[in-house]
Amino acid sequence: MEDTFFLLATFEYAADVQIIKGKLESEGIPVFLRDENTLNSDPLISNAIGGVKLQVYGKDRECALKIYNEIRAYALDNDGNPIVCPNCKASRSEVYYGRKSVFHKLFPFFEKRKYKCLNCGIITKPNH
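Just so you know, the residues in each chain are numbered from 1, in the order the chain's sequence is written. Confidence filtering applies because this is a predicted model: local features only for residues at pLDDT of at least 70, side-chain atom pairs given and counted only at 80 or more, and all residues used for totals across whole chains, interfaces and linings. Excluded from the side-chain calculation are hydrogens and water; included are all heavy atoms of the structure.

S.K.: Looking at this structure, I do not really get unusual backbone geometry. What am I missing?
M.R.: It is generally the case that most residues other than glycine have a negative phi and that most peptide bonds are trans. Phi at D35 is positive, roughly 70°, even though this residue is not glycine. Elements are defined by DSSP. Helices are runs of H or I of four residues or more, strands are runs of E of two residues or more, and each kind is numbered from the N terminus. Mapped onto the elements, D35 comes out in the loop between β2 (31–34) and α2 (36–41). The classification of residues rests on relative accessible area computed with a 1.4 Å probe and restricted to protein chains. Under 20% of the type maximum is buried, over 50% is exposed, and intermediate values are partly exposed. Looking at D35, the relative accessible area reads 24%, which means it is partly exposed. A positive phi is found at K89, a non-glycine position, where the angle reads about 65°. Structurally, K89 is set in the loop between α4 (61–71) and β4 (93–96). In this structure K89 comes out as exposed when scored by relative accessible area, which is 58%.

S.K.: In this structure, what is going on with the layout of surface pockets? I would like to understand it.
M.R.: If you roll a probe as big as a water molecule over the atoms, it shows you where there is empty space left. Lining residues are defined by having an atom within 4 Å of a point belonging to a cavity or pocket. Those points lie on a 1 Å grid over the protein atoms alone, cavities being sets where a 1.4 Å probe fits but cannot get out and pockets being open sets with protein on both sides within 12 Å along at least five of seven lines. Grid points are joined across faces, edges and corners, and a volume is the space filled by probe spheres set on the points. Put simply, the largest pocket is a space of about 1000 Å³. Residue lining of the largest pocket: 30 residues in total, with T10, F11, E12, E94 and V95 positioned closest to the centre. Every element with two or more residues in the lining of the largest pocket is listed here: β1 (5–11), α3 (46–49), α4, β4 and β5 (114–117). The element that contributes the greatest number of residues to the lining of the largest pocket is β1, accounting for six residues. Grouping the amino acids of the lining of the largest pocket by side-chain chemistry returns 18 nonpolar, five polar and seven charged. Each residue gets one of three labels, nonpolar for Ala, Val, Leu, Ile, Met, Phe, Trp, Tyr, Cys and Pro, charged for Asp, Glu, Lys and Arg, and polar for the others, Gly among them.

S.K.: Even after reading the chapter, I still don't get the pattern of salt bridges, so can you show me in this structure?
M.R.: For side chains bearing opposite charge, pairing can occur when the charged atoms are close. One speaks of a salt bridge when a side-chain nitrogen belonging to Lys or Arg is within 4 Å of a carboxyl oxygen belonging to Asp or Glu. Counting across every chain of the model gives five salt bridges. For E25, the salt bridge goes to K21, with nearest N and O atoms at 3.7 Å. Taken together, the residues span about one helical turn, with E25 and K21 both in helix α1 (residues 18–26) at a distance of four residues. K21 sits in the partly exposed class, given a relative accessible area of 21%.

S.K.: Explain the packing of aromatic side chains here, please?
M.R.: For any pair of aromatic rings, geometry is given as the distance between the ring centres together with the angle between the planes. Aromatic contacts are taken between Phe, Tyr and Trp rings whose centres are within 6.5 Å, Trp giving its six-membered ring; a plane angle under 30 degrees counts as stacked, one over 60 as edge-to-face, and the others as tilted. A full pass over the atoms with the stated rule returns four aromatic pairs. Note on F5 and F32: the rings are 5.0 Å apart at their centroids and 70° apart in plane angle, and the pair reads as edge-to-face. Pair noted here: F5 is in strand β1 and F32 is in strand β2, with a separation of 27 residues, a long-range link. Judged by its relative accessible area of 43%, F5 falls in the partly exposed class. For F32, a relative accessible area of 28% corresponds to the partly exposed category.

S.K.: Help me understand the side chain of S93 in this model?
M.R.: Residue position: S93 is located in strand β4. Contacts are assigned to residue pairs that have any heavy atoms within 4.5 Å of one another. The residues contacting S93, other than those within four sequence positions of it, are Y74, A75, I83, Y115, K116, C117 and L118.

S.K.: Just checking my understanding: could you explain the packing of α1 against α4 for this structure?
M.R.: What describes two packed helices is the angle between their axes and the distance between those same axes. Two elements in contact, α1 and α4, have axes whose closest approach is 10 Å; the angle formed by their N-to-C orientations is 135°. Judged on the interaxial angle alone, α4 and α1 are oblique. The element α1 and its partner α4 pack so that their crossing is right-handed. The residues of α4 that touch α1, namely those facing I20, K23 and L24, are A64, I67, Y68 and I71. To obtain an axis, a line is fitted to C-alpha atoms, over the contacting stretch when the element is a helix, and the angle between two such axes runs from 0 to 180 degrees between their N-to-C directions. By definition in this entry, angles of less than 35 degrees are roughly parallel, angles greater than 145 are roughly antiparallel, angles of 65 to 115 are roughly perpendicular, and the rest are oblique. Definitions for this section: a left-handed crossing has its near helix turned counterclockwise from the far helix by less than a right angle. A right-handed crossing has that turn clockwise.

Now the structure itself:
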């Protein structure tokens, strides 16, 4: 299982992942960043390649998830308030892009932002 990776999270920019990477490494968990160098050379293609992927070994999955959930930042609305799930009323949501259609796979920047509740899993559109 040491050879398999677990995708812990994705980040729009390489700088966004550094604090979490540092925290995980300080706890003895090796971290691997996929596409970090690509985005450092051209940050404007972040949406096209899906951002920086933070990966850990499969054996470190549970410990890494626990640490990540303690320090992660959840989605906020335009006023700086947490996004509240309409289903379970939890304030633990993250930005979600489905990229299910061919059009959105080719042109991901046209897809509207949605939010996924980390408590119940429902996907919602923002209230404007």
